[in-house]
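Reading the structure
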Amino acid sequence: MVAHLLRLKVTLLRNSVRRNPWQLVGLGLGALYALGVVGLCVVGLLLLRGQDTALAQTVVVLGGAAALLGWAVIPVAASAADLTLDPARFTTFAVPTPQLLAGLALGGLIGIPGAATALVSLATVGTFSRSIPAAAAALAGAVLGVLTCIVLSRVVTTATAGLASSRRFKDVSAVAFLIPLVLMGPIIGTVARGIAGSRDFLTDLAGTLSWTPAGAAFSLGGDVAAGNLGAAAVKFVIALATLAGLGLCWKSLLQRALTTPPYAGSSRKRAGGLGLFRVFPATPAGAVAARSLSYWLRDPRYAGALVVVPLLPVLMLFQGSQSGFYAPFQFVGPVTAFLLAWSISSDVSYDSTAFALHVATGVRGLHDRLGRAVACLSFALPVVLIFSIGPFFLTGDWDRLPAVLGLALGVLFTGLGLASVVSARYTVNVPLPGDSPFKKPPGNVAQTLAVQFGGMAVLLVLVAPELALVAAQFITGSSLPGWITLVLGPVLGIALFVVGVRAGGAWLDRRAPELLAQLAVDR
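Residues numbered from 1 in each chain as written. Predicted model: local features only at pLDDT ≥ 70, side-chain atom pairs only at ≥ 80, totals over all residues. Heavy atoms only, no water.

A few points about the overall build of the protein chain
Basically, it comes down to this: Strands are runs of DSSP state E lasting at least two residues, helices are runs of H or I lasting at least four, and both sets are numbered from the N terminus onward. Only protein chains enter the accessibility calculation, which uses a 1.4 Å probe. A residue is then buried if its area is under 20% of the maximum for its type, exposed if over 50%, and partly exposed in between. Contacts are assigned to residue pairs that have any heavy atoms within 4.5 Å of one another. Accessible areas in this description were obtained via Shrake-Rupley with a 1.4 Å probe; residue shielding takes into account the shown protein chains only.
When you go through the protein chain residue by residue, the secondary structure sums to 25 helices and zero strands. Residues counted as buried form 41% of the 523 residues belonging to the protein chain. Of all intrachain contacts in the protein chain linking residues separated by at least 6 positions in sequence, the fraction that spans at least 24 positions is 79%. Accessible area for the protein chain stands at about 25,900 Å²; split by element, carbon and sulfur atoms hold 71% of it.

In structure tokens, the structure reads:
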């Protein structure tokens, strides 16, 4: 049965590649990238063989702990994208639990993450091949470590299976996963400064982790190579007990999941009401605005774009603190205005076949364009105002505020107008409704890039007057160009906003059926 489950895993992967050639391309690129990373790690671990045992121990233990953390966190966010050998699919099959556990665990090795983790872990045998006992201990530690990573990921995904059946949990987990990725630079920089302030920081950290379930397995080879046989024996027991405990926990959770499938519904009855439709006026444009704003609040594909916005000040402030040059931090408002305004350039594509509602009801293009723009403007305008004014409380360069604020408002209104035209003319490949924000469907990537970068270039041309005035103030030091920008930015931006909404509406009236047909093809 275990061999049958492994063949099933291979068959599922092979059929998914055959069904979609683009998935084969993605798998090949992922394999090449993983091969490069694995190659670098293997070479580095082999080079550590000639280094001090304490240094090799530190690198291996920290790397193993990081791998264990990754296997615990990443599968939760990626669970919506890969459901091969999902335990819920075996509910109606009388597969013995021990064989099911072994098959699912070994099945985790089939794939790029599992194979990469196994290869890098086995390379630690070369790191500690200074004696036969040390190499044997490193091999035992590598096997225990890899199995612990896989079983831990199964425990986490099985424990959250009930939550994962909830659409809200999938939305929140997928979006929350983006936050540490966006903040990776500041996190690494902060850790690097902490390490630089303490020469023995990493060594002490690795020593502590080696006595915990996170690093015990990966420390066996180093302890035996250093002659610490007593410590190695105790840590072997810790590693073995960790794997056994996780296995028992997984068995209990799996048996419960197979006998009590998760209920995706909700026992809470929702109170009746129109929600956002009561807030906006009872007009076609108001109805479109309420519908669009509901998407912004509830669709993870939109939230994926919004999660970057509150982190922008952190990133730009961190960059300024590193270089001592805070001028880019003062432009967080215009950058935010650009991101939020341009986000509706794919609005129709995110609608997918639900755009048929607009076509069937005969909504005028003008009302459609205006409603979508107003929905974005309802939260984008206060955010842009706060992000434009806030940085100057830290920098104190208040004479530059009028220029930056005028530029931000100009970019916001101009971008909304231009995006209203672009989304009425072109569709781009985006995740389908209900899909993970990380899932990118195959399609004409060249056209998508051309539309996006071409539209951004046009936006730069349209806001060129405001950019020129801002540059003039920064170069000359005169405050007059800044005050002119404060007036010109909103006036010119609103004018281009009106032109864009009208032009986009007229274009949408002419080619709404074509857009709907294209969306159906993309699906």
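Points about the packing of helix α22 (residues 401-425) against helix α24 (residues 464-476)
The line we're drawing: For helices, the fitted line uses only the C-alpha atoms of the stretch in contact; every axis is such a line through C-alpha atoms, and the angle between N-to-C directions lies from 0 to 180 degrees. For classification purposes, an angle smaller than 35 degrees is called roughly parallel, one larger than 145 roughly antiparallel, one from 65 to 115 roughly perpendicular, and anything else oblique. Rotating anticlockwise by less than a right angle from the far helix to the near helix defines a left-handed crossing, while the corresponding clockwise rotation defines a right-handed one. All amino acids are sorted into three groups, where Ala, Val, Leu, Ile, Met, Phe, Trp, Tyr, Cys and Pro are nonpolar, Asp, Glu, Lys and Arg are charged, and the leftover types, Gly among them, are polar.
Running from amino to carboxyl end, α22 crosses α24 at an angle of 165°, the nearest separation of the two axes being 10 Å. Classified by the interaxial angle, the pair formed by α22 and α24 is roughly antiparallel. Between α22 and α24 lies a crossing whose hand is left-handed. Within the contact between the two elements, α22 uses A403, L407 and G410 and α24 uses E466, L467, V470 and Q473. Tallied by class, the residues present in the contact of α22 with α24 amount to four nonpolar, two polar and one charged.

Some details on the packing of aromatic side chains
To describe a pair of aromatic rings, you give the distance between the ring centres and the angle between the ring planes. Basically, it comes down to this: The pairing test for Phe, Tyr and Trp rings, Trp by its six-membered ring, is centres within 6.5 Å, and the orientation test on the planes gives stacked under 30 degrees, edge-to-face over 60, and tilted for anything in between.
With the rule as written, the count across this model stands at five aromatic pairs. Each ring, one from W296 and one from F379, has its centre 5.1 Å from the other, and the planes form 65°; the classification is edge-to-face. Separated by 83 residues along the polypeptide, W296 in helix α14 (residues 284-298) and F379 in helix α20 (residues 365-389) bring together distant segments of the chain. In this pair, the class of W296 matches that of F379, namely buried. With a centroid separation of 6.2 Å and 35° between ring planes, the pair formed by F392 and W398 is classed as tilted. Look at W398 and you get partly exposed, because its relative accessible area is 38%. Taken together, the ring pairs in this structure connect F392, F393 and W398 into an aromatic cluster.

Describing a nonpolar patch on the surface
Under the convention used in this document: Each patch is built from salt-bridge-free residues with over 30% relative accessible area, joining like charges within 9 Å and nonpolar side chains (Val, Leu, Ile, Met, Phe, Trp, Tyr) within 5 Å. When a carboxyl oxygen of Asp or Glu is within 4 Å of a side-chain nitrogen of Lys or Arg, the pair counts as a salt bridge.
Taken together, the side chains of L29, L32 and L35 present a nonpolar region at the surface, about 340 Å² in accessible area. Looking at the secondary structure, you find L35 in helix α2 (residues 21-47). A relative accessible area of 57% places L35 in the exposed class.

Regarding the nonpolar core
To keep it simple, the criterion reads: Take the buried residues of types Ala, Val, Leu, Ile, Met, Phe, Trp, Tyr and Cys, join any two whose side-chain atoms come within 4.5 Å, and each joined set is a nonpolar core.
Grouped together as the largest cluster of nonpolar side chains are 48 residues, with contacts concentrated most on W296, I344, C376, L412 and L416. Counting residues per element, the ones that place at least two in this core are α14, α16 (312-323), α17 (332-342), α20, α22, α23 (445-462) and α25 (480-522). Considering every element that reaches this core, the biggest residue donor is α22, with 14 residues. Apart from residues no more than four positions distant in its own chain, I344 is found in contact with W296, R372, A373, C376, L416, A419, S420 and S423.

Topic: helix α5 (residues 112-127)
This is how it is decided: Multiplying 1.5 Å by the residue count of a helix minus one yields the expected span of that helix.
If you check α5, its first and last C-alpha atoms are 23 Å apart, about what 16 residues at 1.5 Å a residue would give, namely 22 Å. G114, A116, T117, A118, S121, A123, T124, G126 and T127 are the residues of α5 that are buried.

Let's talk about the confidence of the model for the protein chain
This is how it is decided: pLDDT is a per-residue confidence score from the predictor, ranging from 0 to 100.
Chain-level pLDDT for the protein chain is 79 on average; 73% of the residues reach the 70-or-more range. Considering only residues more than four positions removed or in separate chains, one finds that residues 263-272, a stretch of pLDDT under 50, has two contacts.

Some thoughts on the environment of D52
Inclusion rule: We define a polar contact as two N or O atoms separated by no more than 3.5 Å, with the added condition that, inside protein, one atom must be a possible hydrogen donor and the other a possible acceptor, whereas residues neighbouring each other in sequence contribute only through side-chain atom pairs.
Of note, D52 is situated in the loop between α2 and α3 (53-78). C-alpha separation for the pair D52 and A226, spaced 174 residues apart in sequence, amounts to 9.8 Å. Separated by 3.0 Å, the side chain of D52 and the backbone nitrogen of A54 make a polar contact.

Thoughts on the side chain of K235
Locating K235 in the fold gives a position in helix α13 (residues 229-259). With residues up to four places along the chain from it excluded, the contact list for K235 reads Q57, S210, W211, A216, S219, L220 and D223.

Brief notes about α17
A large share of α17 lies buried, amounting to eight of its eleven residues. Every buried residue of α17 is accounted for by V332, G333, P334, T336, A337, L340, A341 and W342.

Quick word on the pattern of salt bridges
In the structure shown here, the tally under the stated rule is seven salt bridges. With a closest N to O distance of 3.5 Å, E514 and R511 form a salt bridge. Here E514 and its partner R511 are both found in helix α25, three residues apart, which amounts to about one turn of the helix. When its relative accessible area of 48% is taken as the criterion, E514 is described as partly exposed. Among the charged side chains, a network of salt bridges with common partners joins R291, D347, D351, D368, R369 and R372.

A word on the environment of L202
One can find L202 in helix α11 (residues 201-209). L202 gets classed as partly exposed once you look at its relative accessible area, which sits at 31%.

Remarks on the packing of α20 against α22
As a packed pair, α20 and α22 sit with axes 10 Å apart at the nearest point and diverge in direction by 160°. Here α22 runs roughly antiparallel to α20, going by the angle between their axes. Like other packed secondary-structure pairs, α20 and α22 cross with a definite hand, here right-handed. Contact residues: R369, A373, C376, L377, A380, L381, V384, L385, S388 and I389 in α20; L401, V404, L405, A408, L409, L412, F413, L416, A419, S420, S423 and A424 in α22. Considering only residue class, the contact of α20 with α22 consists of 18 nonpolar, three polar and one charged.

Remarks on the side chain of T53
Structurally, T53 is set in helix α3. For T53, a relative accessible area of 18% gives the class buried. Aside from chain neighbours lying at most four places away, what touches T53 is R130, G222, A225 and A226.

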